Amino acid sequence: MPETPLDILRRTAQLARLELTDEELARLAPQFQAILEHFEVLSSLDLGGVEATLAATELEDVKRADDPAAGIERSALLRGAPDPRDGYLAVPKTIGAAPRTNAGGGS
Amino acid sequence: MSDWLELDAVAWRARATQGGAALCAGVDASLAAIASLDGQVQAFAVNLADSARERARALAQRLDAGEIPGPLFGVPIALKANMCLEGVETHCGSKLLKGYAPPYSATFVQRVIDAGAIPVGMTHMDEFAMGSSSENSAYETPRNPWDLSRTPGGSSGGSAAAVASCMVPLALGSDTGGSVRQPASFCGLFGLKPSYGRVSRYGLVAFGSSLDAVSPLARSVRDIEQLLFVISGADPRDATCCDLPALEPGSGDPPEATSLRIGVPAEYFGAGIEQGVRETALAALAELKKLGAELVPVDLPHTSYAIPTYYVVATAEASSNLARFDGVAFGQRASGDGSLQGMFAATREAGFGEEVKRRVLLGTYVLSAGYHDKWYGRAQRVRTLLRQDFERAFEKVDLIAGPTSPTTAFRLGERNSDPLAMYQADACTVPTSLAGLPAMSLPVGFTAAADGTQLPVGLQLIAPALEEARILRLAALLERATGAGSQRPPLAAGEFS
């Protein structure tokens with residue numbers, strides 16, 4: 001059975017790590033569908049022999065000299081985090097935690 | 001209130017560098033204008049009055065001690081709230097980054113500070129720069145100084161409103177698909193999106209990394225030129241920033257226009273462009289012709305594909321860039337069901353607004369297995385066609401001109417319920433973003449809205465990559481010949497005397 005717009009959106013939300021409410025899913029699904037239908041015009045072009053543009057310009061990247069230099073202090077970086085602890089970023093327990101049921105995980 | 005406020009940045013610096021007392025008086029004038037006007041305009045998200053006064057006093061001492069002043073010495077500047085200024089809240093219009101203060105300053109921010117500019121505040125914007133009206137924000141919505149019931153444009157609406165209301169002479173915004181040029185057009189300002197790679201992106205919170213351009217907003221061409229000179233040039237922290245000499249101010253002195261060929265694409269004057277906008281833009285072209293330029297019809301045949309191409313490419317890049325906002329390293333966290341995955345999802349659900357979610361979803365979808373080739377792969381190839389359109393046109397002409405935006409400033413709330421209608425606001429600006437070209441909106445006149453309000457119209461000048469000087473020269477010529485951009489909204493004029 002083909003995926004419905006709602007199925008597609010629900011699956012995409014999981015990939016995007018967004019926990020949408022049912023109300024949001026109901027509102028966003030038709031919008032999402034309308035936007036994609038509008039963008040379908042891209043399929044009408046003959047793109048035979050056309051290369052992809054990966055970067056806006058053909059300029060070459062400019063690399064800095066490989067000289068050691070001090071970066072930003074770890075303590076300063078950690079100050080912007082929600083839960084800095086003992087010089088680390090603390091997150092909920094992952095090893096030994098109960099598995100999630102909705103397969104929102106990944107590697 | 002103060003005769004400082006009418007000055008452009010070049011004149012402001014000239015007056016401020018007469019002495020430390022003058023410099024401090026100038027900054028006080030800007031801060032007083034913010035105190036007086038910003039309740040109505042709502043341009044500023046973060047007020048930096050205290051640090052601005054402190055910086056002014058320090059600069060004043062250095063000046064009085066004989067230091068040779070830098071090119072923006074003593075000039076107040078507004079920064080968009082997606083720009084890192086060490087220790088200052090950079091919330092990007094998002095709840096997720098409420099209270100987040102970066103531990104470093106962006107390269108371009110450090111450069112304006114080193115040049116002597118004084119940041120007086122961070123400005124309101126669409127969340128993560130996603131929008132065309134500055135309404136997609138978890139905070140206040142900035143207003144258009146020409147009509148407070150209308151949008152100043154977006155996503156750099158706060159920066160544009162701050163300059164148009166004369167609270168500051170200069171501001172920086174970011175332009176991914178038109179987010180500086182369209183607000184410049186709506187507010188009667190000059191706004192230049194430099195070539196991709198001209199200005200370092202280090203310290204600009206990333207939206208679309210192959211498109212983002214730090215972009216000046218000002219009330220005169222020479223100010224744009226000066227600010228571009230200060231912020232451009234190679235940066236060891238951004239490998240995509242080109243290793244070419246920065247543009248020297250003065251290289252843009254008006255030449256004779258007689259040698260210039262200006263391309264006029266029919267695609268930029270067709271259906272969807274409001275009549276008043278079309279007529280005002282055509283009148284500006286007629287003015288250029290009077291000055292001796294030759295107008296040449298050019299074709300940009302893939303223009304109608306630009307909006308879908310842009311919204312596929314930009315959302316794909318955004319979905320990747322915004323993956324870092326997951327409750328681990330930056331800003332706010334929601335705990336969800338207590339698991340790590342649950343924390344990621346709950347943080348993003350609570351922290352992102354609807355337009356950001358919509359774009360992250362679109363971007364994730366067009367990159368997902370089974371859909372990548374159909375959407376992202378195709379869009380990248382159409383992007384090539386759009387670039388080639390410009391390459392072919394520039395074989396015949398020096399510059400391309402057309403309206404910056406299909407409409408003048410629309411009313412707040414008018415397009416909120418229809419994302420596709422909002423996306424159309426970018427029709428004239430996204431092609432150049434996808435091609436990495438420099439483009440500037442310049443104020444060329446006014447047209448009446450349905451209710452009779454006179455609203456500014458912008459003309460967009462587009463040049464080949466790294467040829468900003470061409471744009472600046474022609475803009476200066478038009479500015480001198482027609483007084484383009486010299487009118488101020490009544491709200492600001494009330495503060496002058």
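Details of the structure are given in the entry above.
Note that the structure is a prediction, hence the values are computed from the model and not measured.

> Sorry, what's going on with the overall build of chain A here?
Secondary structure summary: chain A contains 3 helices and 2 strands in total. Moving toward the C terminus, one meets the helices and strands of chain A in the order α-α-α-β-β. Out of the 107 residues in chain A, the part that is buried amounts to 28%. As displayed, chain A has an accessible area near 7,600 Å², and 54% of this comes from carbon and sulfur atoms.

> Looking at this structure, how should I read the interface of chain B and chain A?
Accessible area lost upon the coming together of the parts serves often as the stated size of an interface. Tallying the contact residues gives 67 residues for chain B and 60 residues for chain A. Both faces considered, chain B and chain A share a buried interface measuring about 5,700 Å² in area, 66% of it formed by carbon and sulfur atoms. Among the residues chain B hides against chain A, the three largest losses belong to B:Leu361, B:Arg378 and B:Arg381. Together they make up 12% of the total. Our count for the contact surface shared by chain B and chain A stands at 4 salt bridges. Measuring nitrogen to oxygen at the nearest pair gives 3.8 Å for the salt bridge that ties B:Arg333 to A:Asp83. Our count for the contact surface shared by chain B and chain A stands at 19 residue pairs in polar contact (both at pLDDT 80 or more). Counting residues per element, the ones that place at least two in the side of chain B that touches chain A are helix H9 (306-321), helix H10 (340-351), helix H11 (354-367), helix H12 (373-393), helix H13 (419-424) and helix H14 (430-435) of chain B. Ranked by the residues each element gives to the side of chain B that touches chain A, the list is headed by H12(B), at 11 residues. Considered class by class, the residues forming the side of chain B that touches chain A number 37 nonpolar, 17 polar and 13 charged.

> What should I look at first to understand the packing of helix H1 (residues 5-15) of chain A against H11(B) in this one?
Helix-helix packing is described using two parameters, namely the angle between the two axes and the distance between the axes. Interaxial distance between H1(A) and H11(B) falls to 9 Å at its minimum, and their mutual angle equals 95°. With respect to their mutual orientation, H1(A) and H11(B) come out roughly perpendicular. Seen from H1(A), the contacting residues are A:Ile8, A:Leu9, A:Thr12, A:Ala13 and A:Leu15; seen from H11(B), they are B:Leu361, B:Thr364 and B:Tyr365. Split by residue class, the contact of H1(A) with H11(B) holds 6 nonpolar, 2 polar and no charged.

> Please explain the pattern of salt bridges as it appears in this structure.
Opposite charge on two side chains allows them to pair when their charged atoms are near. What the rule picks out here adds up to 25 salt bridges over all chains. Notably, a salt bridge pairs A:Arg27 with B:Glu354, separated by 2.5 Å at the nearest N-O pair. Taken together, the residues A:Arg27 in helix H2 (residues 22-39) and B:Glu354 in helix H11 connect one chain to another. Overall, the relative accessible area of 34% leaves A:Arg27 in the partly exposed class. What makes B:Glu354 partly exposed here is its relative accessible area of 28%.

Criteria and thresholds
- Residues numbered from 1 in each chain as written.
- Chains lettered and ligands numbered in written order.
- Predicted model: local features only at pLDDT ≥ 70, side-chain atom pairs only at ≥ 80, totals over all residues.
- Heavy atoms only, no water.
- Helix = DSSP H or I, 4+ residues; strand = E, 2+ residues; numbered from the N terminus.
- Buried < 20%, exposed > 50% of the residue type's maximum accessible area, 1.4 Å probe, protein only.
- Areas by Shrake-Rupley, 256 points an atom, 1.4 Å probe, with all protein chains shown as cover.
- Contact = heavy atoms within 4.5 Å.
- Buried area = accessible area lost by both parts, 1.4 Å probe.
- Salt bridge = Lys/Arg side-chain N within 4 Å of Asp/Glu carboxyl O.
- Polar contact = N/O pair within 3.5 Å; in protein donor to acceptor, adjacent residues only side chain to side chain.
- Nonpolar A, V, L, I, M, F, W, Y, C, P; charged D, E, K, R; others polar.
- Axes fitted to C-alpha atoms, helices over the stretch in contact; angles between N-to-C directions.
- Parallel < 35°, antiparallel > 145°, perpendicular 65-115°, else oblique.

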